[in-house]
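Next come the chains, spelled out residue by residue.
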Number of protein chains: 2
Amino acid sequence: MLIEERLKELKDKINDKVPAGINVSNVEFEGPELVIYTDDPKKFADEADLIKVLARDLRKRIVVRPNVLEDPELAAKEIKSVVPDGAGITDMFFDPDTGEVLIEAEKPGVVIGKNGTTLRDITKEIGWTPKVVRTPPIESTTVKQIRQYLRSVKDERKEFLRTIGRRIHRDVTSKDKWVRVTTLGCCREVGRAAFLLSTPESKILIDCGEKPGSTEGVPYLYVPEIYPLNTLDAVVLTHAHLDHCALVPLLYRYGFEGPVYSTPATRDLAVMLQLDYLEVVSNEANQAPYTSKEVQEYLKKSIVLNYGSVTDIAPDIKLTYHNAGHILGSAIAHFHVGDGLYNIAFSGDFNYGKTRLFGPATSQFPRLETIFVESTYGGANDIQPSKKDAEEKLYEAVNTTIKRGGKVIIPAFAVGRSQEVMLTLEEGMRLDKIPKVKVYLDGMIKEATAIHTTYPEYLNPELRKQIFQDGMNPFLSDCFVQVDSPAIRENVIGGEPSIIITTSGMLSGGPVMEYLNGLAADEKNMLIFVGYQADGTMGRRIQKGWKEIPMGRRGSIVINLEIQTIDGFSGHSDRNQLMRYINHLNPRPEKVFTIHGDEKSAIDLASSIYKRFRIETHAPRNLETYRMI
Amino acid sequence: MLIEERLKELKDKINDKVPAGINVSNVEFEGPELVIYTDDPKKFADEADLIKVLARDLRKRIVVRPNVLEDPELAAKEIKSVVPDGAGITDMFFDPDTGEVLIEAEKPGVVIGKNGTTLRDITKEIGWTPKVVRTPPIESTTVKQIRQYLRSVKDERKEFLRTIGRRIHRDVTSKDKWVRVTTLGCCREVGRAAFLLSTPESKILIDCGEKPGSTEGVPYLYVPEIYPLNTLDAVVLTHAHLDHCALVPLLYRYGFEGPVYSTPATRDLAVMLQLDYLEVVSNEANQAPYTSKEVQEYLKKSIVLNYGSVTDIAPDIKLTYHNAGHILGSAIAHFHVGDGLYNIAFSGDFNYGKTRLFGPATSQFPRLETIFVESTYGGANDIQPSKKDAEEKLYEAVNTTIKRGGKVIIPAFAVGRSQEVMLTLEEGMRLDKIPKVKVYLDGMIKEATAIHTTYPEYLNPELRKQIFQDGMNPFLSDCFVQVDSPAIRENVIGGEPSIIITTSGMLSGGPVMEYLNGLAADEKNMLIFVGYQADGTMGRRIQKGWKEIPMGRRGSIVINLEIQTIDGFSGHSDRNQLMRYINHLNPRPEKVFTIHGDEKSAIDLASSIYKRFRIETHAPRNLETYRMI
Ligand SMILES: [Zn+2]
Ligand SMILES: [Zn+2]
Ligand SMILES: [Zn+2]
Ligand SMILES: [Zn+2]
Ligand SMILES: [Zn+2]
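Residues numbered from 1 in each chain as written. Chains lettered and ligands numbered in written order. Predicted model: local features only at pLDDT ≥ 70, side-chain atom pairs only at ≥ 80, totals over all residues. Heavy atoms only, no water.

**With respect to the sheet that holds strand β5 (residues 100–105) of chain A**
All names here are of chain A. The cut-off we apply is this: Strands are treated as partners if at least two bridges between them are detected by DSSP. Here a strand is any run of E in DSSP of at least two residues, a helix any run of H or I of at least four, and the numbering for each starts at the N terminus. Angles here are taken between N-to-C directions and fall from 0 to 180 degrees, while the axes themselves are lines fitted to C-alpha atoms, restricted in helices to the stretch in contact.
Spatially, the 3 strands line up as an open sheet ordered β4-β5-β6, and their pairing is mixed. Of all strands in the sheet, those with a lone pairing partner are β4 (89–95) and β6 (129–134), marking the two edges. Neighbour-to-neighbour, the strand axes of this sheet turn through a mean angle of 20°, independent of strand direction. Examined bridge by bridge, β5 and β6 share 6 bridges and lie parallel to one another. Looking across to β6, one finds that valine 101 is bridged to proline 130.

**Quick look at the packing of helix α13 (residues 387–403) of chain B against helix α14 (residues 417–430) of chain B**
Residue and element names in this part refer to chain B. Rule in force here: In these notes the angle categories are as follows: under 35 degrees is roughly parallel, over 145 is roughly antiparallel, 65 to 115 is roughly perpendicular, and the rest is oblique. Should the near helix be turned anticlockwise from the far one by less than a right angle, the crossing is left-handed, and should it be turned clockwise, the crossing is right-handed. Throughout, a contact is declared for two residues whenever any of their heavy atoms are within 4.5 Å. The nonpolar class holds Ala, Val, Leu, Ile, Met, Phe, Trp, Tyr, Cys and Pro. Asp, Glu, Lys and Arg form the charged class, and all remaining residues, Gly among them, are polar.
It is the contact of α13 with α14, at a shortest axis distance of 11 Å, that shows an interaxial angle of 65°. With respect to each other, α13 and α14 are oriented roughly perpendicular. In this structure, α13 crosses over α14, and the sense of that crossing is right-handed. Contacts between α13 and α14 pair Lys387, Glu391, Leu394, Tyr395 and Val398 from the former with Glu420, Val421, Thr424, Leu425, Glu427 and Gly428 from the latter. For the contact of α13 with α14, the class distribution of residues is 5 nonpolar, 2 polar and 4 charged.

**Focus on the coordination of the zinc ion (ligand 4)**
Residues and elements named next belong to chain B. Going by this rule: Counted as donors are the N, O and S atoms within 2.8 Å of the metal, or 3.2 Å for Na, K and Ca, while water is not among the atoms, so some sites may look incomplete. Working definition: with a 1.4 Å probe on protein chains only, accessible area under 20% of the residue-type maximum means buried, over 50% means exposed, and in between means partly exposed.
Each protein donor to the zinc ion (ligand 4) is listed here as His239 (NE2), His241 (ND1), His326 (NE2) and Asp349 (OD); together their distances run 2.2 Å. Expressed as a motif, the donor residue spacing for the zinc ion (ligand 4) is H-x1-H-x84-H-x22-D. A separation of 3.4 Å is found between the zinc ion (ligand 4) and the zinc ion (ligand 5), both of which receive a donor from aspartate 349. Linking histidine 326 in the loop between β14 (317–323) and β15 (331–337) with aspartate 349 in the loop between β16 (342–346) and β17 (370–374), this pair joins segments that are 23 residues apart in sequence. The residues histidine 326 and aspartate 349 share a single accessibility class, namely buried.

**Quick word on the state of the cysteines**
Covalently bonding the sulfur atom of one cysteine to the sulfur atom of another cysteine gives a disulfide. Here is the rule: Note on disulfides: each one is a pair of cysteine sulfur atoms within 2.5 Å.
The final tally for this structure, using the stated rule, is 0 disulfides over all chains. A disulfide-free cysteine, cysteine 187 of chain A has its sulfur positioned 6.6 Å from the sulfur of cysteine 186 of chain A, the nearest such atom. Cysteine cysteine 208 of chain B shares no disulfide, and the gap to the nearest cysteine sulfur, in cysteine 245 of chain B, comes to 9.3 Å.

**Here we look at the pairing of strand β9 (residues 203–206) of chain A**
All names here are of chain A. Burial along β9 is two-sided: Lys203 and Leu205 and Ile204 and Ile206, pointing in opposite directions, are all buried. Relative to β9, strand β8 (residues 194–198) is paired through 4 bridges, and the arrangement is antiparallel. Among the inter-strand pairings, phenylalanine 195 is bridged to a residue of β9, identified as isoleucine 206. What sits between β8 and β9 in their antiparallel hairpin is a turn of 4 residues. Relative to strand β10 (residues 234–236), β9 runs parallel, the two sharing 3 bridges. Within β10, the residue paired with isoleucine 206 across the bridge is valine 236.

**Section: the relation of the copies chain B and chain A**
Formally: For the least-squares superposition of copies, only C-alpha atoms count, and only for residues with pLDDT at least 70 in both.
Overlaying chain B on chain A yields an RMSD of 0.1 Å, the required transformation being a rotation through 179° with an accompanying axial translation of 0.0 Å. When the rotation and shift are considered jointly, the pair of chain copies conforms to a two-fold rotation axis. Taken as a fraction of all interface residues of chain B, those also at the interface in chain A reach 100%, which identifies the copy contact as same-surface.

Interpretation in functional terms is not warranted from these geometric data alone.
Quick look at the structure:
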């Protein structure tokens, strides 16, 4: 069927269900959504459940948008005139994708008004659908810039979404039915995650990361299964860590033109980390594989989805994200293929334990035949100590170091471990378990923390409450000091005993190298690893006992400081949690693939799952294709 | 390196090794060969081992060709004037690919002359290298037409070989090293054989067959691993059965432009069977997937290799064919990848038992890490009776039927079982084990038999001797009568008790349907299955007990005649032979993949091989990719 005929048919169906007196002037696919244009947005809003009923019956994500959206500047003025001054509006973000205006206010209740009256008044006045959130306690430059940029390309983006929408809803033509997964990276190794999910109709790339500490850092993007890249329907990101998203902009350089799906938090973190990655790479005098132009291209073509929203991303594939508990916005990507044909999930990195930041990963799915799970700690002996023990050990290490007049260096990814350690240290000082020294944050950690407070809905309820409780936001504790210049860094290195949390997490470049350069010779200091160190990284080497780090032209660094590894802070499930997760999976899958772990861990986890649960398992190698059905 | 530089370098090396006084005017890649052009072909020929030494040192297949090849017509005249009349020259075939002239003579010894004197005289006179063979006792129209056609396109072909030669010898550029196999058909099923062998440099398609008795008869040629087809470096055929080669011409329709490798016998049989396939398909009012034009295209781009010749077919892949013992020209294709990187063999269909026609399949390889083996009779219970028992059973069935005044119908592939059964029946009559009735050959059987006698070097020594012994050629026994018109067919059906060997072997069309139409109602007659009947074919259905065959507009055929299945004539290894073959493989491979068998057989064989030999096995599914290294 021609797409125009299909839209006509949908419009007729909608008109049948919509009460008389509500006008439906047009329907259009925009990205994964079906947009209903109307002269009567208010009436639509008043009909309780109408949109829900339409979504259910048409099996589409429905958005209602007024035919004319008022000019954002005028609309902003009108909002300000309707809302009482006491609301403390700090920002408004008009999102043309959704026709929503995001109103950030210090007192969201005042914007909403008694029983929502103020909100209704706004809708009536301006057409845009208002959404009210509490002003993030820490302002993120990244988020601000992303919103600005998206506003500046809104016409281009609208055209893009229309094209993608029509592509998603094209006819299914093949009479063959099969589902395959091709492994393009991250098998029997940690890093360069990239998986191709394909059917006779569609091709979806899941993640596209770099390999830390390796010169073969790129997934196998040149193989014919995926090349040319413009044959891909979509890229789907699980989370923002660079081993999962660093090379997304590269896809646009190589000819990809489609959308990249992620949660909103993942998108913002990914852009921040990609820009940082470019800087780190070029500081190391390596050739950056892409420029910020391609990061913008990615941003322009990103489509964000919240947890739980079932979304058409190809004619025969629906994507739903679920909480993965790993970092902010991290998701398990669940794909429903065909009309009940097959269900396959990619765990991404996930944590089945509860942390200070997040709830545990989802183990319940409507349907599930196959799951790809990470196996970073999949080995039989990869048992992590409890979170509590890890924290005690950290407190002890800090006490020891500070007492002897030393400094503590904690290398960490900007996103994830850093915030977990920050919360631990803040509580330690608050409860007098460790001395109140400064905690310096270098690299993107501060900015990453700001993004956390912009998306409080991804944090667990206790932390969310704490953040918005006046004066209790742990991230705002005055122990935390941002390092944002070489001069400050020098002062930190030469200054009082303190704690330094800094990137990169595996010592593959970044400011941590400066701190080592300044502090490694002194045995009073301590280097504490709190995260996984991949094979081939400098972090892994130092863990193994290297006593000297070559620094190229700058000579080398002698390692005299104390080295400790504190397990238990990981954002990954350990071996026990992985087995428990498989056991709790509901429904129980028919096949489990173990990925994102070194060779031994992946194989060990696969064979243990098979032995314990009699589920078919594989520890695939890179460049293989598995037929699911 | 540019190809011109490489040729220059090769020419210099050759000049270093060639004795003074022998001119090397040019060297050129033509297909897989390195051709040395010279003014002194005679001197080259006189230097014992010179070509062998060059081939070994340069690791290339070397052909020496005079700068000027005399015009074939003139050369033919000169040959006739040099050779004594008594030689009985019946044909000469000038092959511009090789610079050879094939002289067919009734008395080859006379052409060669005492101590080869006559042969040397010929060389001196005409430049072409003479090769003398005994005149085939049965003339094949197919072979004649193929030779004629190749002669007519020799300039085009030369250009093609030059292009392919340069493509084969292009530089290796990738720093990645991997070897993969993608299954495009024939997994957990019998039919539509098609496997993709790929490296970062090269893509080789092994076989491209149809699936008998199925509407989903085509391998998965549309998947991105193989599409577009002009990215393929070569197609490599194991043998001429239609489930392995029927769709090769289709590749040219879909954009393939490269060479198809096979043994010479496979090429000739394949062309014959493809043309027959076109006729059968169009008789059934189906749309033929290609025309005879594409068969010609295949022929024009075919490159033939004999057993044991190690040949570059891609920058990083060498192909060697070995005897498979299955049908005339059938081969195990052995691929040596990279410089000692990996060795992988595809058995094609193979017989590890000796038959009246062929020696057993090769089990010895210089190196071998992985083998794909057929599993037609791979099930635990697929034990075939001995050849001797099968023959006794056939004699008994013939005696019973003839005695009661009936006719015996033996459906068989034109190539393989037919000749085996012919030889059995001829001996039965000669030794008075069965009455001397007529054996009618319908379909392409006679022509296929002629091709057998054209390539005696593929037959086992005993049969080869018998064929060339005057008056003893079993194929020329006057019990065999060719059926080549509907009128004769009617006479056979209405005539005396007799035996009819006819195509198609699985009752999926062809003249066998006419015989059933005329003879199935009479219970005096007998239908004897001597070959494998694939799932979904009419043959399998009748074996299972169907009593009526629908014939479309022509109503249906009632089955009253007696049905017998005589196992043991198969051209395939049975379960015991398969296990013995794996046991005898030298060297022992690291991995075995079982293919070309129904699901149960493939899985059963794989798991038995693993249990008995502790070799890693897989029974792959279609559309999977396995990483070898
Ligand atoms: Zn991660
Ligand atoms: Zn990861
Ligand atoms: Zn497997
Ligand atoms: Zn065969
Ligand atoms: Zn076959």
